[in-house]
Each structure stands twice: as structure tokens, then as C-alpha cells.
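Chain and residue survey
Here are the chains, one letter per residue:
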Amino acid sequence: MTTTEAPVVVLDGGLSNALGDRGHDLSDELWTARLLRDAPAEIAAAHRAYFDAGAHVATTASYQASFSGFERAGMSRAEAADLIRRSVTIARDVRDEVADSQIDGPVLLVAASVGPYGAVLADGSEYRGRYGLSRAALRDFHAPRMELLVGAGPDLLALETIPDLDEVEVLVDLAEEFEVPAWLSCTVAGDRLRDGRPAREAFAAAGEKPGIVAVGVNCCAPGDVLAAVRSAFDASGTPAIAYPNSGEVWDGAARRWNGEPGFETDLARAWVDAGARFVGGCCRIGPAAIAGIATELQR
């Protein structure tokens, strides 16, 4: 079976908006990771809602989870480690429950989210990159939490919303060292990473690693996806992945979304035709939109 004939994996949508719709205030630095401590059952409910909508993947609540973030919130390093692992076990428990209830259903997966260093700063740096850190410092930040996530037993890693070429190279190297499948998904503006360098360079770097199962974009405008999918598919030689935001823009200083949504579920068909085999949504994309994508791709 060629890449363009492979079945499409429907991803979930944004965890933050799903939890916000359930009444949770996520305005603090920990964002969704706070609920790993305060309301783990609510995270489970959000995962379940996306599976019920037709998603094949639960992406864990570890995007903004880090030792430094949890420690700033008053937790010990041991407590932080437990919460990072808990993000995977919550998703696995829901996945297993849903899978057990289905007869001849699709394969359901758990992707452990590895967000960028900038996400932990909680100031919008994940949309800028160029943090002023060396590759060694980025490795020192990412490696311990990736080790915990891998040890908790996800099916793969979601290296997601990565804005910076140096960080891309550090993360795909670490995924190879941990010998775990991963997808690499960058946040872009046009044909550039948020750090200003060509996105194609990041796609090509990821494509050199045998454990990278998909390369593409997330947390970007819907209008930037199609060209990025074509570029990722061509540069990496792997299936592409696409899960944009609603079209609204995040204001890191004010910590709010601005603008109007511009996401239409029928866009997913063009992404698949261009080489995407993992398709879903990111921020502000909820279960209803994921259900629409699932329906669109079944036609």
C-alpha cells in the first residue's frame, strides 16, 4: 500500500477548548496541565468526547506539563513526575474503555503531547521560537519529561506546535534515541516556521528519522495548511499531518483569542488529497468539528 492509499487517522481537537466548554478556567500558566492534579476525570471526559465524535487518537494533557511549571505551582519534582505520567494513563484508560465497547472498530491510539519550550513560558513564545537557548539546553529541558511520557506507555509521541528549527532537530533526535514512534508537527505562518526559517527545512530534518510516522503542521491558520501539507509530504517522504486552529489568533500577552473562525471541515478532503494521513484540529476546534471531519472523510 502506498502512502497516498493508506487509511486516514482522524485526530482529536483542542483539549483546552473542550475543557473550557466544560466550565474550567485555564488562564493560569499550567493551562490544561493543572487539571491533571485538580480534575483528572474532566480530562478523561474530554478524551471520551473526542472518541465519541469519531477521533482515532487521544492527545494527552501534557503539552504544557513540565517540571519547572509544576514546581513554580508549588509541587515537588516527584509530584510533577507523577502528573506527567498521569497524562498518559488517563488517556490510555479512556482509550481502552472505548475500544472495549466497540466491535470491529478502528484502531484507537494515545499520542503523548510534547509541546515546545515556549509553551512553558506561557507568554506566546511558542508562536515566536528563537528562545535564546542552546540546543543542549533545549535537550536538557525536553529529555526528562519525554522519558517519563515514553515510560508511561503511549502509542506514539506528538511533537507538536514546534516553532523553531533547532528545537525540531533536538526533538526528532530524542525520539530516535527513545526508540518510540512520533509525529512532528510545526506551527507556521505561510511557508515559514514561526522563527522565520523555511518550514521545509524542518520537514526534511524529520523525514530523515525512521521513527517519524508523519510530518506537518498544527496550531496555524487553516489557510496555511494545504501548501504546508504539500511541502511536508514532498520534503519528508512521509505521510503528512494537519490539525490547524479555528482561524482565530492567540494574544499571548492578553491570554485570549482574537478574530473570527475560518475553519471548514470540508477542507480536510483537500489535505488528504495532498498527502495528509493524519487530520484533525487544534485550538478552538471541538468535538462537533471533529465529527464533521470524520463524516467528510468517510464519504
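Structure: above.
What comes next concerns the included structure. (Residues numbered from 1 in each chain as written. Predicted model: local features only at pLDDT ≥ 70, side-chain atom pairs only at ≥ 80, totals over all residues. Heavy atoms only, no water.)

1. A closer look at helix H10 (residues 225-236)
For H10, with twelve residues, the first-to-last C-alpha span of 16 Å sits near the 16 Å given by 1.5 Å per residue. Elements that come into contact with the buried residues of H10 comprise helix H9 (199-207), strand S8 (212-218), strand S9 (240-243), helix H11 (267-273) and strand S12 (276-279). Once H10 finishes, glycine 237 follows within two positions and takes phi at roughly 75°, a positive value. (Helix = DSSP H or I, 4+ residues; strand = E, 2+ residues; numbered from the N terminus. Expected span 1.5 Å × (residues − 1). Contact = heavy atoms within 4.5 Å.)

2. Regarding helix H12 (residues 287-298)
With twelve residues, H12 ought to run about 16 Å at 1.5 Å a step, and its terminal C-alpha atoms sit 16 Å apart, in line with that. Within the sequence span of H12, burial applies to Ala289, Ile290, Ile293, Ala294, Glu296 and Leu297. With its buried residues spanning 165° around the axis, H12 presents them on a single face. Along H12, the residues that are exposed and aim more than 90 degrees away from the buried face are Ala288 and Gln298. (Buried < 20%, exposed > 50% of the residue type's maximum accessible area, 1.4 Å probe, protein only. Arc of directions from axis to C-beta.)

3. Thoughts on the environment of glutamate 201
When you line up the elements, glutamate 201 lands in helix H9. On the basis of relative accessibility, which here comes to 41%, the residue glutamate 201 falls in the partly exposed class.

4. Section: the packing of helix H3 (residues 40-53) against helix H5 (residues 77-101)
Remark: H3 packs on H5, axes separated minimally by 9 Å, with the N-to-C direction vectors making an angle of 45°. The angle between H3 and H5 falls in the class oblique. Note on packing geometry: the crossing formed by H3 with H5 is right-handed. Facing Pro40, Ile43, Ala44, His47, Arg48 and Phe51 of H3, the residues of H5 in contact are Arg86, Ile90, Ala91, Val94, Arg95, Glu97 and Val98. Counted by class, the contact of H3 with H5 contains eight nonpolar, one polar and four charged residues. (Axes fitted to C-alpha atoms, helices over the stretch in contact; angles between N-to-C directions. Parallel < 35°, antiparallel > 145°, perpendicular 65-115°, else oblique. Left-handed = near helix turned anticlockwise from the far one by under 90°. Nonpolar A, V, L, I, M, F, W, Y, C, P; charged D, E, K, R; others polar.)

5. As for the sheet that holds S12
The strand order across the open sheet built from eight strands is S1-S12-S9-S8-S5-S4-S3-S2, with neighbouring strands paired in parallel fashion. In this open sheet, the two edge strands, each paired with only one partner strand, are strand S1 (9-10) and strand S2 (57-59). Direction of pairing for S2 relative to strand S3 (residues 109-114): parallel, over a ladder of three bridges. The partner of threonine 59 across the bridge, within S3, is alanine 111. Its contacts with the sheet place H10 against S8, S9 and S12, and it is angled at close to 155° to S8. (Pairing = 2+ DSSP bridges.)

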